[in-house]
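# Examination of the molecular architecture
Listed below, chain by chain, are the residues.
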Amino acid sequence: MSGGLWLRLLDGLLVTLQLTGYGAVLGLLFAFAAGLARLSRHRVVRGIAFAYTEGFRGLPALVVLFWLVFALPGLGFQLNPLFAGVLALSLNIGAYGAEVVRGAVLSVPAGQIEAATALNFTRWQRMRRVVLPQAVVAMVPPFGNLLIELLKATALVSLVYLQDLTFQGQIVRAATGNTAMTFFGLLVGYGVIALILTILMRLVERRAAASLGRAVRPGLLSGRTS
Amino acid sequence: MNFDWQTAWDSVPQLLQGLLIALQATALGYVLALVLGLAFALARRSHQAWLRLPVAFFVEFVRSTPLLVQLFFLFFVLPTVGLELSPMWTGAIGLGVHYATYTSEVYRSGIDGVPAGQWEAATALSLPRRRTWTRIILPQAIPRVVPALGNYAISMFKDTPQLTVITVAEMLSVVKALGSQNFQYLELITMAGLLYLVAALLIAWPVRIAERRYRKENA
Amino acid sequence: MTRADQITFDGVSKKFGENVVLDDLSFGVAAGERVTLIGPSGSGKTTILRMLMTLTEPDSGTITVDGDNLFQEMRNGTLVPAREQHLRSVRRKITMVFQQYNLFPNMRVLRNVTEAPVHVLGLSQDEAEARARELLEMVGLADKIDAHPAHLSGGQQQRVAIARALAIRPEVLLLDEVTSALDPELAAEVLDVLRDVAKSTSVTMLCVTHAMKFARDISDRVLMFNEGRIIESAPPAELFDAPQHERTQRFLRSLREES
Ligand SMILES: Nc1ncnc2c1ncn2[C@@H]1O[C@H](COP(=O)(O)OP(=O)(O)OP(=O)(O)O)[C@@H](O)[C@H]1O
Ligand SMILES: [Mg+2]
């Protein structure tokens, strides 16, 4: 394999990492906005968030992506392809993340909120100073799983001609004719990135647990849960 | 806005045919995922390291890599080792194996949820290991994971558009075929999206009922 | 009930489903008074404290603190259900210590005590810390300032919770079985702290406890509850040594047998 092809793969890797990074940030935003909105006192706010989470958990990410790239121009909007990719991926992952946020907030014991009320915190202060800092700790492990899902989903952008790792892999396959090796190599590449992300999330998880004075789970890889 | 309702409406019969094929792939893949996932879960509980470790590695590897690339791999590599399968079967195997890595985790958590006392009781009755599994542990483990398993049916259905890359004539393939003739992608993709949404909600319905029932029983 | 009462319950009733928890209950507590609530499990003691803390709403009747109606406010000349802002204004004087401590696990000990003074009372960080150190000293935990709540014993956690409650300078302190989750020795530490509080401050105390010696030491009055009503009310010496009501006699006997 020539050096040029290796460089292509490197370029593709960068695009994949960009998509994962931006997608994670935007997805986190959607997750918190929708997850907290689902717990709002206002029916309309709850309704909108519910429609978003149910909708995007029923729409295939690839179809959303196709819609943003191929259908939206029909309405006169042309998105930057990278942005379209990030948006499609984060809308999808955000809908799942919203459930994580909602569940984690609800899992904070009622006694915590009552104690905060007894100290006369405002509603917002109860959320911001007591509930969220504890809920976030519970969010880290499921968010770690969603991050891997996001990484995997980035491969879809190769179907709308964004030059990510999978796209460049196809070029390498065409150039070398070695189909089995190329796709296997791609899988190993994604596996390694996933492994690194998993280890990073484990470190975050440890810090989060320590912030509540909890003992940390031993081992950086054992017992990943879905 | 220039949304052509006529085109949208006219495409529905062909889209529905694609949807039917997507559902077929989901059904085949899901059965495979349920069976294979249980096999993986049991293998990972095995006392034999030669079985446990490779299966664990395989499950973690498949679960952290894109289905899309796995589909390419199966589609192009299976024939080179003499396995000439139809696109539909290739797709079902791809979906089934990929999701078996998820269902195996679900089974595992269900098995772990059976109280240790049940194992001890089985030992006290000197039940053989196989009988302990089939008569005591699994009948308790599986009902409690039904809702979680059901959720993966929805996820799998949502992944069927990816089968377009291995020439399965599911809904997104129909969209592409029709679009290459009339270029009205806005109408076609929007209609397909709506159909996906409706179908996903229909699949989700029994799953939500099972979830609610389970929650009530455990309240 | 007299005009001077700081806290009044007037015809308060509460049902949970079919279960009548408070039945047309009326009583008052004077400013600075120490009142102990006793009674069998399920007789409604916790519900009363939770109502004062605005955590549970009555079905009917009125509860006032310093003349302010807790759950209703005047708006455009009519009495309407209180909104959050009104609730916050009445909560300013009251705080509660819980059976399960409920320390904030995301904050170390010192911040548990300074958080409300800084963010609710608007004290400066330095003022709040100085006061928190004093209070933690008083409850005997000056050396645990930087500890995580999760690393403290139950008794230590409860003493931090008491310091945290006192840090907002309450006029009314509600204590719901604050020692019943603790071993006797740890419970004694906590009760000693509360004796100190009773001695050194003028805070009004409503205290649900089955620690009779403690109740005798600190309270001005003991209320005996049964099925959502007060069936006997007297100074501790009287109520404990010469209970009038047959139900009270039976209840006290069961308490003594237990200890
Ligand atoms: N949120 C609730 N929902 C339903 N029932 C409740 C609720 N809170 C309290 N109850 C019921 O109200 C009754 C009175 O409860 P309360 O906690 O006030 O009793 P208590 O006197 O504090 O008893 P204990 O000594 O056991 O703490 C009990 O029967 C209890 O089951
Ligand atoms: Mg109680």
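Predicted model only: the values in this text are computed from it and were never measured.

With that out of the way, let us pick up the overall build of chain B. Helix and strand counts for chain B come out as eight helices and zero strands. Ordered by position in the sequence, the α and β elements of chain B form the string α-α-α-α-α-α-α-α. Oriented by its inertia axes, the alpha-carbon framework of chain B measures out at about 75 × 50 × 20 Å. Looking at the 219 residues of chain B, the share that counts as buried comes to 49%. For chain B, the proportion of contacts with a sequence separation of at least 24, taken over those separated by at least 6, is 78%. Distance between charge centres in chain B, computed from 17 positive and 12 negative side chains, equals 15 Å.

This paragraph deals with the sheet that holds strand β9 (residues 172-176) of chain C. Residue and element names in this part refer to chain C. Ordered in space as β8-β9-β10-β3-β11-β12, the six strands form an open sheet in which the pairing is mixed. Each edge of the open sheet is held by one strand with a lone partner, namely β8 (94-97) and β12 (229-234). Strand-to-strand, the axes of this sheet are offset by a mean angle of 20°, without reference to chain direction.

Contacts between chain A and chain C engage 22 residues on the former and 27 residues on the latter. For the chain A and chain C pair, buried surface summed over both sides reaches about 2200 Å², with 55% attributable to carbon and sulfur atoms. For the salt bridge of Arg50 of chain C with Glu114 of chain A, the shortest nitrogen-to-oxygen distance reads 2.9 Å. Remark: the boundary between chain A and chain C carries 12 residue pairs in polar contact (both at pLDDT 80 or more). Where the side of chain A that touches chain C is concerned, the elements lending two or more residues are α5 (110-118), α6 (123-153) and α8 (179-211) of chain A. The residue inventory of the side of chain A that touches chain C, partitioned by class, reads nine nonpolar, nine polar and four charged.

So, about the sheet that holds strand β1 (residues 5-16) of chain C. Residues and elements named next belong to chain C. Within the open sheet, the four strands sit side by side as β2-β1-β4-β5. Their pairing is antiparallel. Only two strands of the sheet have a single partner each, and these edge strands are β2 (19-30) and β5 (68-69). When strand β4 (residues 60-65) meets β5, the two strands line up antiparallel, connected through two bridges. Bridged to Thr64 within β5 is Asn69. Packing of helix α1 (residues 45-52) onto the sheet brings it into contact with β1, β2 and β4, and relative to β1 it is tilted by some 120°.

Turning our eyes to something else, we now look at the site of ligand 1. Residue and element names in this part refer to chain C. In the vicinity of ligand 1, the contacting residues are Phe16, Asn19, Val21, Pro40, Ser41, Gly42, Ser43, Gly44, Lys45, Thr46, Thr47 and Glu177. Between ligand 1 and Asn19 there is a distance of 3.1 Å, counted from an oxygen atom to a side-chain nitrogen or oxygen. The contact in question runs from an oxygen atom of ligand 1 to an N or O atom on the side chain of Thr46, over 2.6 Å. Burial of ligand 1 by the surrounding chains reaches 59%, relative to a free accessible area of 640 Å². Within the residue set of the shell around ligand 1, elements represented by two or more residues are β2 and α1. Counted by class, the shell around ligand 1 contains three nonpolar, seven polar and two charged residues.

Attention now goes to a nonpolar patch on the surface. Together, Phe184, Val188, Val192, Ile196, Leu200 and Leu203 of chain A make up a nonpolar patch on the protein surface, roughly 500 Å² of accessible area in all. Tracing the backbone shows Val192 of chain A in helix α8.

What follows deals with empty space enclosed by the protein. Going through the model one piece at a time under the given rule, you end up with two cavities of 30 Å³ or more. Roughly 50 Å³ of internal volume is contained in the second largest cavity. Every residue along the wall of the second largest cavity is listed here: Ala115, Ala118 and Leu119 of chain A together with Thr95, Met96, Val97, Phe98, Tyr101, Ala161, Arg164 and Ala165 of chain C. If you list the elements that add at least two residues to the lining of the second largest cavity, you get α5 of chain A together with β8 and α5 (154-166) of chain C. When its residues are assigned to classes, the lining of the second largest cavity shows nine nonpolar, one polar and one charged.

Contact analysis covers two pairs of chains in contact, and the most contacts occur between chains A and B. These two, chain B and chain C, are apart from each other, with no contact and a minimum C-alpha gap of 18 Å.

Secondary-structure assignment places Ala174 of chain A in helix α7 (residues 165-176). Between the C-alpha atom of Ala174 of chain A and that of Glu149 of chain A, which follows or precedes it by 25 residues, the distance is 27 Å.

Turning our attention to the confidence of the model for chain B. For chain B, per-residue confidence averages 92 on the pLDDT scale, and residues scoring 70 or more make up 99% of the total. Complex prediction metrics read pTM 0.92 and ipTM 0.93.

One full turn of an α-helix is made of 3.6 residues, so residues set three or four places apart face in the same direction. Here helix α2 (residues 43-56) of chain A is 14 residues long and its end C-alpha atoms lie 20 Å apart, about the 20 Å a rise of 1.5 Å per residue gives. The secondary structure elements touched by the buried residues of α2 of chain A are α1 (3-37), α3 (61-71) and α4 (81-107) of chain A together with α6 (129-159) and α8 (185-217) of chain B.

The next point concerns the UniProt feature "transmembrane region" (unreviewed entry) in chain A. Residue and element names in this part refer to chain A. In this structure's numbering, the residues bearing the UniProt feature "transmembrane region" (unreviewed entry) are residues 12-37, 58-76, 135-162 and 182-204. Summarising residues 12-37: 100% helix, 0% strand, and an end-to-end C-alpha distance of 36 Å. Helix makes up 100% of residues 182-204 and strand 0%, and the two end C-alpha atoms of the span are 33 Å apart.

Moving on, we come to the pairing of strand β3 (residues 34-38) of chain C. The side chains of a regular strand alternate, first on one face of the sheet and then on the other. Residues and elements named next belong to chain C. Burial of β3 is extensive: five of the five residues sit out of reach of the surface. What you see with β3 is no split at all: Arg34, Thr36 and Ile38 on one side and Val35 and Leu37 on the other are buried throughout. The pairing of β3 with strand β10 (residues 204-208) spans four bridges and is classified as parallel. Across the sheet, Arg34 pairs through a bridge with Met205, a residue of β10. Bridge analysis of β3 against strand β11 (residues 221-226) gives four bridges, and the strand direction is parallel. Among the inter-strand pairings, Ile38 is bridged to a residue of β11, identified as Met224.

About the cut-offs
- Residues numbered from 1 in each chain as written.
- Chains lettered and ligands numbered in written order.
- Predicted model: local features only at pLDDT ≥ 70, side-chain atom pairs only at ≥ 80, totals over all residues.
- Heavy atoms only, no water.
- Helix = DSSP H or I, 4+ residues; strand = E, 2+ residues; numbered from the N terminus.
- Buried < 20%, exposed > 50% of the residue type's maximum accessible area, 1.4 Å probe, protein only.
- Contact = heavy atoms within 4.5 Å.
- Lys, Arg positive; Asp, Glu negative; His and termini not counted.
- Charge placed at Lys NZ, Arg CZ, Asp CG, Glu CD.
- Pairing = 2+ DSSP bridges.
- Axes fitted to C-alpha atoms, helices over the stretch in contact; angles between N-to-C directions.
- Buried area = accessible area lost by both parts, 1.4 Å probe.
- Salt bridge = Lys/Arg side-chain N within 4 Å of Asp/Glu carboxyl O.
- Polar contact = N/O pair within 3.5 Å; in protein donor to acceptor, adjacent residues only side chain to side chain.
- Nonpolar A, V, L, I, M, F, W, Y, C, P; charged D, E, K, R; others polar.
- Near = heavy atom within 4 Å.
- Areas by Shrake-Rupley, 256 points an atom, 1.4 Å probe, with all protein chains shown as cover.
- Patch = residues over 30% accessible without salt bridge, like charges linked within 9 Å, V, L, I, M, F, W, Y side chains within 5 Å.
- 1 Å grid on protein atoms, 1.4 Å probe; cavity = no way out; pocket = protein on both sides within 12 Å on 5 of 7 lines; lining within 4 Å.
- Points joined across faces, edges and corners; volume = space filled by probe spheres on them.
- pLDDT = per-residue confidence, 0-100.
- Expected span 1.5 Å × (residues − 1).
- UniProt positions renumbered as here; feature names shortened; annotations may be inferred.

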